[in-house]
Structure formats: structure tokens, C-alpha cells
Amino acid sequence: MKPTLPVIIIGCGPAGAGASLFLSQAGIPHLILEKDRFPRDKICGDGCSGKTAFVLGKADPALLDEIFSDEAHFLPSFGVTFAAPNGKAIDIPFRSKNKQERPPGFTSRRMDFDHFLFSKIQGPQATVIQDATVTSLDRTPEGYAVTYRTGEGPETTVHCRLLIGADGDKGICRRKLLQGDAVSKTASVGLRGYYEGVTGMHPRNFIELHFLREILPGYFWIFPLPGGAANVGIGMDAVLVRKKKINLREVMLLAISENPNIRERFAHARPSGKIYGWGLPMGVGAVKVSGEHFLITGDAAALIDPFTGEGIGNALYSGMLAAEAAGKALQAQRFDDSFLQEHYGDVLFRRIGDELKLSYTMQKLVRYPWLFNLVVNKANKSPALRDTMTSMFADLDVRALLRRPSFYWKILTNK
Ligand SMILES: Cc1cc2nc3c(=O)[nH]c(=O)nc-3n(C[C@H](O)[C@H](O)[C@H](O)COP(=O)(O)OP(=O)(O)OC[C@H]3O[C@@H](n4cnc5c(N)ncnc54)[C@H](O)[C@@H]3O)c2cc1C
């Protein structure tokens, strides 16, 4: 008889690494199966928000000290620039909530960031097997039998009481365990390219979202990276891309070469490497993310913010909550659906459900270019409105203002 492990995590991106960090903190032995070998790339905008910094700080404040002292791999970022469809832009500084006066966010190539996380998870409680592609998941009386293959080698089966699915958008967990239940209907697609020599970046490394009319409610982005490089990309609702037969790559390259507000900045820029695409499973609010003997985290649970496209923070956050729920399940020896729902899904969506719903509403509002132009135009003239918008990133109640027609009425009537 093979031993039954307490926990197996499938996937070692931010969600899986986050779960591992907190399982180790709680002294819970676990196995992580990862199909790639680190350092490995993940197509992404490489922007990490305050939530990422919050979870890492909770795992170990020394992680943030390391990040912010490594200028070669991590670039502190202090805000976001929104450019409305009419080209007018507004700078919104992030409000830092941390007491140590650390930068509120940072950018880092996923090749580096995920490798950093990977390098922090190995320890007495965590065993990682790389190049291990999980090929099947089967229910057993004790939990799950997980079968994986390394390279061309034979298949191996390992057993666990609790499975944590952290294998991303196209992984096996989402397909097999959620069987489409939680699969978001608001998936987007994104393209990412790396560039050298882009000029005109904000002195405080603000990330930039350019809401181009032709791809609303999606956007074109320029995120500054360490070493003067930039992550440049475009993302849009997958249904609209298909319906309107939009060639996203063409739109992205056209924005770089022709858009009057963008092209000058690329006059001496050159791409480094190809442009790659990947899906963004957006969250819309509470959905089923657990079941008997399993918890699903990160992109596998479709937790990306539908307005900003950020998923790293929620991946880490859900990994942290999954580890906490795993501790409770192992202590109580309860792995049934209702126990895991109460201690994972319910907790997760109590904390991030409203945020996802609000962002979903904002994503819908962004479809109206005139409304977007109006808010940015007015915010440029009104320090009070700029201040409100700054607070929106940190304060959910302030963000909720955006759902009220009275907010726009006040802007229109200059009140
Ligand atoms: C174009 C684009 C731009 C984005 N920009 C941003 C941004 O700027 N900021 C932000 O916060 N978010 C961004 N996101 C979203 C972000 O990339 C994801 O939300 C985040 O990577 C989710 O982390 P995860 O750990 O859930 O999944 P992933 O990072 O996808 O990790 C899953 C891991 O599971 C492994 N795996 C998959 N299948 C198996 C298997 N069968 N067996 C074993 N292992 C397996 C994979 O190799 C991978 O390492 C962007 C996404 C895209 C596509």
C-alpha cells in the first residue's frame, strides 16, 4: 500500500506556491506536482498589486524586503495611468496600506517572479516534483489518486486526503473537478510582448492602461520593467473578439505604429522575442470552487479581476485561504463538500466576491467611450475627483460609487 499524503498541490504558479508557503507555515507536509521546470515563463502583464504584496508579507515580511532590494528583477510601482479612448490620461497613485512605507506594488517578469516563489517553497514540509504532468485524477475512498508522468517516463500514482488544484486556466482540475460549473463566461484573451527602448514612462513607474476605442472594454497596456524594458500587451473579452472578428495582434501592432498617443514612444523601441497569447478566466462573484476532498485556487477557479485583469494577487490569496482550510479539514478529519465550502469557498467570496462583482460592473461601464472620456476629462480638472479615484483602489466602498448613476450626474453637473 502506498502512503496517503495529507495534501497534494497540482501546479506551482502563484496559487500553488502561495498554498505551499502557508501549508509549510502550518507544519503540514505536502507534495507539489508541476508540469514545467523553473525558471519558466508565464504569459502575463507582470504587474503585481498591493494584494500580492499583502499575501507575501503575511507569509514572511522578509520576502518583501528581498523583493524591494533586488532592483535587477523587481521594479517598484507607485500607481496606474488610465488613458481614455480620447487619449486623455489621468495618473492615479496607489495608496499604500503597509506600515513599513514599502512601495504599494511592483512589476517583475513572471520568469523571475515565479522562480522567486518557487525558490522559497522548498523545505521540510514541501516536496516539489518538476516536469510532472498530472494526467488523471480519480476518487478513492480516502481522497484522490493523482497520476502524473515525468517526461517520457512511466506514469506514477500518488494518493492524498485533500487535493489543491492550482494548475491554471487550461489545467486538468478546472476541467475534471469543476466540470465547467465555475468556468467563467467572461473569459478574455491577452497578448504579451517584451520591448526595449520604450520612452515616456512615468518617473514613479506607473503601469499604463490605454482604453482604445476599438477594443473596449479591453485595453492596451505598457508596464515598465526592471532594466528599462517594458511589458506591452492587449487584452479583450474573448466573446467580442470572436463576434467582431478582431485580430488582436494586428490591433496591438497598429496601436504601436499608428496611435497618435502611443507611436512616438515606440519610435526607437524594438521587440525582444515574439508576441504570445493566453486566456484570462475572469471572476464575476461567488461560484463553486470546492467539492469532496478538493479545493480549487487561482486561474483554475477563474478569479481574475474583470476590470484590471489582475490575477496574481487573487491566486496567491486563494492559495493562502486554501492552506488555512486544509489545516482545518485535516484537524477535523472532514473533507466533505459542506465543510470545505464553509471553510474555503464561503470565506474566499466573503473576502473577494464584492470586489469581483464591482469590477465586473466597471468592465461593463467601460464599454461606453463617452462615459470614460467624461470621467477622465473631469478628473484631470478636479483634485477632489482624482482623490476619490485614488481611494477606489484601496477602498471598496469608494469603488462602489462607480455603480451609482448619481456619481456620473454629479460629474456632469460639476457638483
Ligand atoms: C496576457 C495576460 C496578462 C496578464 N497580466 C496580468 C498582470 O499584469 N497582473 C496580474 O496580476 N495578472 C495578470 N494576468 C493573470 C495572471 O497571469 C494569472 O491570474 C496568474 O498566473 C494565475 O496564477 P495561477 O497560479 O492560478 O496559474 P498559473 O500561473 O497559470 O500557474 C499554473 C501552474 O500549473 C502548472 N500546470 C498546468 N497544468 C498542469 C498539470 N496537468 N500538471 C502539473 N502542473 C500543471 C503550469 O505549468 C503552471 O506552472 C495576466 C494574464 C494574461 C493571460
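Residues numbered from 1 in each chain as written. Predicted model: local features only at pLDDT ≥ 70, side-chain atom pairs only at ≥ 80, totals over all residues. Heavy atoms only, no water.

A short note on the domain arrangement of the protein
Split into domains, the protein comes out as domain 1 (4-77 + 102-184 + 282-362), domain 2 (188-280) and domain 3 (366-412). Measuring from the centre of the C-alpha atoms in domain 1 to the corresponding centre in domain 2 gives 27 Å. Of the residues lining the interface, 25 residues belong to domain 1; the matching set on domain 2 comes to 22 residues. When domain 1 packs against domain 2, the two sides together hide about 1900 Å² of surface, and 58% of this comes from carbon and sulfur. (Domains from an automatic or database assignment. Contact = heavy atoms within 4.5 Å. Buried area = accessible area lost by both parts, 1.4 Å probe.)

Let's talk about the environment of Glu142
Here Glu142 shows up in the loop between β9 (132-139) and β10 (144-150). In this structure, the C-alpha to C-alpha distance between Glu142 and Thr361, residues 219 residues apart in sequence, is 42 Å. Excluding residues that lie within four positions of it along the chain, Glu142 makes contacts with Thr4, Cys160, Arg161 and His293. (Helix = DSSP H or I, 4+ residues; strand = E, 2+ residues; numbered from the N terminus.)

Overview of the site of the ligand
Around the ligand, the structure places 38 residues, and the nearest of them are Glu34, Gly45, Gly47, Asp299 and Gly311. A distance of 2.9 Å is found between an oxygen atom of the ligand and a side-chain nitrogen or oxygen belonging to Arg40. Between the ligand and Val134 there is a distance of 3.0 Å, counted from a nitrogen atom to a backbone nitrogen or oxygen. Considered on its own, the ligand offers 1000 Å² of accessible surface; in the complex 95% of this is hidden by protein. Elements that contribute at least two residues to the shell around the ligand include exactly α1 (14-25), β9, β14 (219-224), β17 (276-280) and α8 (312-332). Counting contributing residues, the shell around the ligand receives three or more from each of domain 1 (4-77 + 102-184 + 282-362) and domain 2 (188-280). (Near = heavy atom within 4 Å. Polar contact = N/O pair within 3.5 Å; in protein donor to acceptor, adjacent residues only side chain to side chain. Areas by Shrake-Rupley, 256 points an atom, 1.4 Å probe, with all protein chains shown as cover.)

What to know about the pattern of salt bridges
Summed over all chains, the structure comprises 14 salt bridges. With a closest N to O distance of 3.5 Å, Glu155 and Arg149 form a salt bridge. The partly exposed category is assigned to Glu155, whose relative accessible area is 42%. Between Asp169 and Arg174 there is a salt bridge, and its shortest N-O distance comes to 2.7 Å. Each member of the pair, Asp169 as well as Arg174, carries the same accessibility label: buried. (Salt bridge = Lys/Arg side-chain N within 4 Å of Asp/Glu carboxyl O. Buried < 20%, exposed > 50% of the residue type's maximum accessible area, 1.4 Å probe, protein only.)

A closer look at the nonpolar core
In this structure, Phe113, Leu137, Val146 and Leu163 are the most contacted members of the largest nonpolar core, which totals 77 residues. Per-element tally for this core: the top contributor is α8, with 12 residues. Setting aside residues up to four positions removed in sequence, Phe113 forms contacts with Cys48, Thr52, Leu56, Ile67, Phe74, Phe106, Ser108, Ile312 and Leu316. Residues Leu191, Tyr195, Val241 and Ile262 belong to the second largest nonpolar core, which totals 23 residues. (Core = buried A, V, L, I, M, F, W, Y, C linked by side-chain atoms within 4.5 Å.)

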